[in-house]
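What follows is the residue order along each chain.
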Amino acid sequence: MTDMTDESQSIDTICVQGGWQPKNGEPRTPPIVQSTTFKYTSSEQMSRLFDLSESGYFYTRLSNPTNDVVAKKICELEGGTAAILTSSGQAANFFALFNICSAGDHIVASNAIYGGTYNLINVTMRRMGINCTFVHPNCTPEELDAAFQPNTKAVFGESIANPSLMVLDFDKFAAAAHNHGVPLIVDNTFPTPVNCRPFEYGVDIVTHSTTKYMDGHGSCVGGAIVDSGNFDWMAHADKFPGLTTPDESYHGVTYAKEFGNGGAFITKCVAQLMRDFGSIPSPFNSWVLGQNLEDLGLRMQRHCENGYRVAKFLDEDPRISWVNHPGLETDKYYQLARKYMPNGTCGVIAFGVPGGREKVSAFLDHLQLVSIATHVADSRSCILYPAGTTHRQLTEEQLKEAGVGIDLVRLSCGLENADDIIADLKQAMDAVL
C-alpha cells in the first residue's frame, strides 16, 4: 500500500522516475525485496505495526517495499492518493468491489465489460449475496438512474470496454453514482493513465490489469487499485459501515476517521482483504512491472499509431463487415474518446469477419505474424475470437448486450511495424474471405 502524488510532473517523467527517489548512496534502480518477513528488535514496535499506528513492513502478504514502490508509481500516474498492487486484474476488480459490498448489497455495472469480470459480478458475487443490475453504456441518464436500488454500493465500468471498444461516458456515470451517494469504479486497463486519467472526470476509484499494457511484454500477471481520495465516506456513513464504524477484526480501527478520504479505502483493502485472501503479487513480478512501466509512454504512442493505421486498413476493405476503434474518426465513440482521451486511446481493434464461426476460425488460423493468444495489449500483436473463448460462457443474449457479436474478432496491435501487421492480415483475408 502507498500514498502520494506530485501533480507537477508529466506522465512520461513519472513513468521513468515515479515511485522511487533514492537517497544518497542508495541504488538507482529499486531493489527486489524478495523476503516474506522483516526483523524487529522490539515487540512493542511490532505491536504498533499490527495496530496500524505505525507504518512499516512485517509480512509480505500484507505489504512489501518492492510492491509499494511500483504501486506508488501507478498512483502518481493516475493522480491518486493511495494504491495497492494485487496478483491479477481480476483480484483488483474483486477487491475494489468487495471492499465496500457485502451480502445483501447491490452493484450497478456496465454490461460492456471483459467476460471474466462479467462472470465475477454476475455469477460469483451473486453467490456471495451481492446482486447487480447491468446497464448499457449508451443508456440514457433516466435509464441509468432507474438501475439504482436503496442498497446500491458502487457503480462499475471500463474506460474502454474489452472487447467491444465502447467508451464509457464518465460524466454521465459519475453524476448518477454521486447522486445516489456511491463511488464510480472504473477499470482503466486499455487506455492506461498515459492516455486517460479518469479521476479528472469524476471517477473515484480506478483498477488495472497490469498484465496488459503496463507490463506490456506478457511477462507477469498483476493488478492494481488506485483511490482518488475524493469520495467522502463519512458523508455516506450509513452506506459504508465497513469504512465508517470500528473494525472489530482489526483492533476497532475506523478507517475513514483514522486515515481520511485519501487513505481509508486502500488501508481497509490491505488490512482486511489482503490479510484474508492474500492476493499479493510476488516482489519479483512487481519489480519487472516497475521496469516495464518506464517506457509505457513511448509504447502507448506506438500502440495507438499502429492501432489507428490497421483500423483504417480494415475499415477500407469491403470484405470486413465493420470496425470498432475509438481512434477512428468514423467510430461512434470517437467524440467521447476525444473528450476523455485526447492523446490517444489504445492499440486494440474489434472488427467483424463475415461467414460464421468456421470462417472466423479459418481467418485466424491463416495468420502468421499475429498470434492467436488469450491475451491483449502486448508488445507482440495477438488476436482472439471472444465469442469462442473469453466470452464463451455468456448466452447469445448476453453476448449481444455486451456488444460481442458472433462475428467479432479482437486484434491487439503490438509494437511491430504496422506495414507487417497489415500484410499478415491481408494475406489471411486473401486466403479465406
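The rules behind the values
- The numbering scheme is per chain: residues are counted from 1 as the chain's sequence reads.
- Reporting of local features is limited, given that this is a predicted model, to residues whose pLDDT is at least 70; pairs of side-chain atoms are given and counted only at 80 or more, and all residues count toward the totals for whole chains, interfaces and linings.
- No hydrogens and no water enter the side-chain calculation; it runs on all heavy atoms of the structure.
- UniProt positions are given in the numbering used here, feature names are shortened, and annotations may be inferred rather than shown by experiment.
- Residues are said to line a cavity or pocket when one of their atoms sits within 4 Å of a point; the points come from a 1 Å grid over protein atoms alone, cavities being sets where a 1.4 Å probe fits but cannot get out and pockets being open sets with protein on both sides within 12 Å along at least five of seven lines.
- Grid points are joined across faces, edges and corners, and a volume is the space filled by probe spheres set on the points.
- Counting from the N terminus, the helices are the DSSP runs of H or I reaching at least four residues and the strands are the DSSP runs of E reaching at least two.
- Charged means Asp, Glu, Lys or Arg here, nonpolar means Ala, Val, Leu, Ile, Met, Phe, Trp, Tyr, Cys or Pro, and polar covers whatever is left, Gly included.
- Note on pairing: DSSP must find at least two bridges between two strands before they are called paired.
- By the criterion used throughout, a crossover qualifies as right-handed when its path from the first strand across the helix to the second strand runs clockwise, the strands pointing away from the viewer.
- Centre distance within 6.5 Å is the pairing criterion for rings of Phe, Tyr and Trp, where only the six-membered ring of Trp is used; planes under 30 degrees apart are then read as stacked, over 60 as edge-to-face, and the remainder as tilted.
- Each residue's exposure class comes from its accessible area (1.4 Å probe, protein chains only) as a fraction of the maximum for that residue type: buried when under 20%, exposed when over 50%, partly exposed otherwise.

Under an unreviewed UniProt entry, the name given to the protein chain is O-acetylhomoserine lyase, and the organism recorded is Bifidobacterium apri. Quoted verbatim from the Cofactor (unreviewed entry) field of UniProt, the annotation for the protein chain is "pyridoxal 5'-phosphate".

Draft legend 1. Quick look at empty space enclosed by the protein. Taken as a whole and judged by the stated rule, the model has 2 cavities of 30 Å³ or more. One number sums up the size of the largest cavity: a volume of about 60 Å³. In terms of lining, the largest cavity is formed by Leu85, Thr86, Thr210, Asp215, Cys220, Val221, Gly222, Gly223, Pro281, Asn285, Ser286 and Leu289. Those elements that provide at least two residues to the lining of the largest cavity are strand 2 (82-86) and helix 11 (283-293). With 3 residues, the top contributor of residues to the lining of the largest cavity is helix 11. Looking at the lining of the largest cavity residue by residue, the class counts come to 5 nonpolar, 6 polar and 1 charged.

Draft legend 2. Representation of the pairing of strand 4 (residues 131-135). Judged from the 5 bridges that link them, strand 3 (residues 106-110) and strand 4 form a sheet pairing that is parallel. Bridge assignment links Ala109 to a residue of strand 4, and that residue is Phe134. In this region the chain leaves strand 3, passes through helix 5 (residues 115-127) and returns to the parallel neighbour strand 4; the handedness of that crossover is right-handed.

Draft legend 3. Region of the structure containing the packing of aromatic side chains. The tally for this structure, following the rule as stated, stands at 17 aromatic pairs. Pairing Tyr118 with Phe134 gives two aromatic rings, centres 4.4 Å apart and planes at 20°, and the pair type is stacked. On the criterion of sequence distance, the pair formed by Tyr118 in helix 5 and Phe134 in strand 4 is long-range, its members being 16 residues apart. Look at Phe134 and you get buried, because its relative accessible area is 19%. Arranged with centres 4.9 Å apart and planes meeting at 80°, the rings of Tyr201 and Tyr340 form a pair that is edge-to-face. One end of the pair, Tyr201, is in the loop between helix 8 (192-195) and strand 7 (205-209); the other, Tyr340, is in helix 13 (residues 334-340), with 139 residues separating them in the sequence. Among the residues examined, Tyr201 registers a relative accessible area of 21% and is labelled partly exposed. Joined through ring pairs, the aromatic side chains of Phe94, Phe95, Phe98 and Phe277 make up one cluster.

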